[in-house]
Amino acid sequence: MAWDWHPNALLPHAAVFGFVGGQHPEFSPMSHPTKAIILAGGAGTRLHPLSRIACKQLLPVYDKPMIYYPLATLMLGGLREVLFISTPKDLPMFRDLLGDGKRLGMRFEYVEQPSPAGLAQAYVLGADFVGKDPSCLILGDNIFYGKLDFFRAALAQVGTHGGACVFGYQVKDPERYGVVEFGADGRAISIEEKPGQPKSHFAVPGLYVYDSDVVEIARNLRPGARGELEITDVNREYLRRGTLHVKVLGRGMAWLDTGTQQSLLDASNYIAAIENRQGLKIACLEEIAYNQGFIDRAGMERCIAGSPRSPYREYLEMVLKEG
């Protein structure tokens, strides 16, 4: 069965904004990004004492580890090379859970984050992995549910023309996030990190697409007021260069940030309600790999054979039978 989160959803109020400032700049042709970084570090202090067991990205969101959800988003975007960045304590658990990616037709690498130093640190630590290729960064506690055409379009845009693409999502508490401000013509004019007086209600979710310049930009950053390398400063640099895209996500898209106990519970209830209503799983990695063509029928059979008897295995068997 072809599956693409909430497959019949539309984005009725989505707006797509072009390059910021002046004429569309000229870029050398690039390829569609194939590489991505999942940043799954941090101290998880807001989830204490849950985060004493394991980092938050390994905690359950209904019936799967949290890390499955951002990884599923990348897979549905066609990205097959993924770097996981986490703490020295937690990285072995990610490696044990996910392996080298071969069973999913992917390639996984792992890098330690000695201490949390900001989201942009991902591109300092992941510089060798990214190389001179365009790439995507997603935060390990962010869940996206809905039709992902906006993400595929962003990957194609940056892969073809360069620059960067981030997203805007309307929230009632923008002061908790990076916030993008739009001018009268609908173009982004500023981005601020957790402002005391937000200039809009559009937060920037933890999903970013960049060309190869991002490594140099991240390396040249100075720590911000919080003593960290801020991803907002990376986005500001692309904004200054006039090569930042901002795509606004509409009402057909759900973005869940699972950084607190309440938001973690809300996300689990949300996933449970949809799965139990439809009989389809969200972020089933084996199903996505099979439907995306990352693995063939024999590969899916191997995934099933390696799974213990459980409702999850029964679901994989159903996918293979109906597919």
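Residues numbered from 1 in each chain as written. Predicted model: local features only at pLDDT ≥ 70, side-chain atom pairs only at ≥ 80, totals over all residues. Heavy atoms only, no water.

### Focus on the overall build of the chain
Along the backbone of the chain there are eleven helices and 15 strands. Its C-alpha atoms put the chain at 55 × 40 × 40 Å along the principal axes. The burial tally for the chain puts 56% of its 323 residues in the buried class. For the chain, the proportion of contacts with a sequence separation of at least 24, taken over those separated by at least 6, is 77%. Averaging the locations of the 34 positively and 36 negatively charged side chains of the chain gives two centres separated by 2 Å. (Helix = DSSP H or I, 4+ residues; strand = E, 2+ residues; numbered from the N terminus. Buried < 20%, exposed > 50% of the residue type's maximum accessible area, 1.4 Å probe, protein only. Contact = heavy atoms within 4.5 Å. Lys, Arg positive; Asp, Glu negative; His and termini not counted. Charge placed at Lys NZ, Arg CZ, Asp CG, Glu CD.)

### Considerations on the nonpolar core
Counting 73 residues, the largest nonpolar core has Leu71, Leu74, Phe84, Phe108 and Phe151 as its most contacted members. Looking at which element gives the most residues to this core, the answer is helix α1 (residues 68–76), with seven residues. Those residues in contact with Leu71 that sit more than four places away from it in its chain are Ile38, Val82, Phe84, Leu98, Met106, Phe108 and Leu285. In terms of nonpolar packing, the next biggest core, distinct from the first, is built from 32 residues, Ala120, Ala188, Val214 and Val234 among them. (Core = buried A, V, L, I, M, F, W, Y, C linked by side-chain atoms within 4.5 Å.)

### Description of the packing of helix α10 (residues 297–305) against helix α11 (residues 311–322)
When two helices pack together, their arrangement is given by the angle between the helix axes and the distance between those axes. Contact geometry for α10 and α11: axes closest at 9 Å, N-to-C directions at 165 degrees. The orientation of α10 with respect to α11, classified from their angle, is roughly antiparallel. Between α10 and α11 lies a crossing of left-handed hand. Where α10 approaches α11, its residues Arg297, Met300, Glu301, Ile304 and Ala305 are matched on the opposing element by Arg313, Leu316, Glu317, Val319 and Leu320. (Axes fitted to C-alpha atoms, helices over the stretch in contact; angles between N-to-C directions. Parallel < 35°, antiparallel > 145°, perpendicular 65-115°, else oblique. Left-handed = near helix turned anticlockwise from the far one by under 90°.)

### Some words on α11
For α11, with twelve residues, the first-to-last C-alpha span of 16 Å sits near the 16 Å given by 1.5 Å per residue. Regarding α11, the residues found buried are Tyr312, Arg313, Tyr315, Leu316, Val319 and Leu320. In a view along the axis of α11, the buried residues occupy a sector of 155 degrees, so they form one face of it. Exposed residues pointing more than 90 degrees away from the buried face of α11 are listed as Pro311, Glu314, Lys321 and Glu322. Packed against the buried residues of α11 are β4 (64–65), α1, α9 (285–291) and α10. (Expected span 1.5 Å × (residues − 1). Arc of directions from axis to C-beta.)

### Observations regarding unusual backbone geometry
A cis amide bond, omega 5 degrees, links His48 with the succeeding residue Pro49. Within the secondary structure, Pro49 is located in the loop between β2 (35–39) and β3 (60–61). Although it is not a glycine, Lys194 adopts a positive phi angle of roughly 45 degrees. Note that Lys194 resides in the loop between β11 (188–193) and β12 (202–203).

### Observations concerning the environment of Arg313
Tracing the backbone shows Arg313 in helix α11. The sequence separation of Arg313 and Leu74 amounts to 239 residues, and the corresponding C-alpha distance is 23 Å.

### Brief notes about the pairing of strand β13 (residues 207–210)
Taking every second residue as pointing to the same face, both faces of β13 are buried, with Leu207 and Val209 on one and Tyr208 and Tyr210 on the other. Two elements, strand β7 (residues 135–139) and β13, share four bridges in a ladder whose sense is antiparallel. When the sheet's bridge partners are listed, Ser135 is paired in β13 with Tyr210. Where strand β9 (residues 164–170) meets β13, two bridges bridge the pair, whose relative direction is antiparallel. Considered in β13, the bridge of Ala164 is made with Tyr210. (Pairing = 2+ DSSP bridges.)

In short, the description is geometric, and any link to function would need to be established separately.
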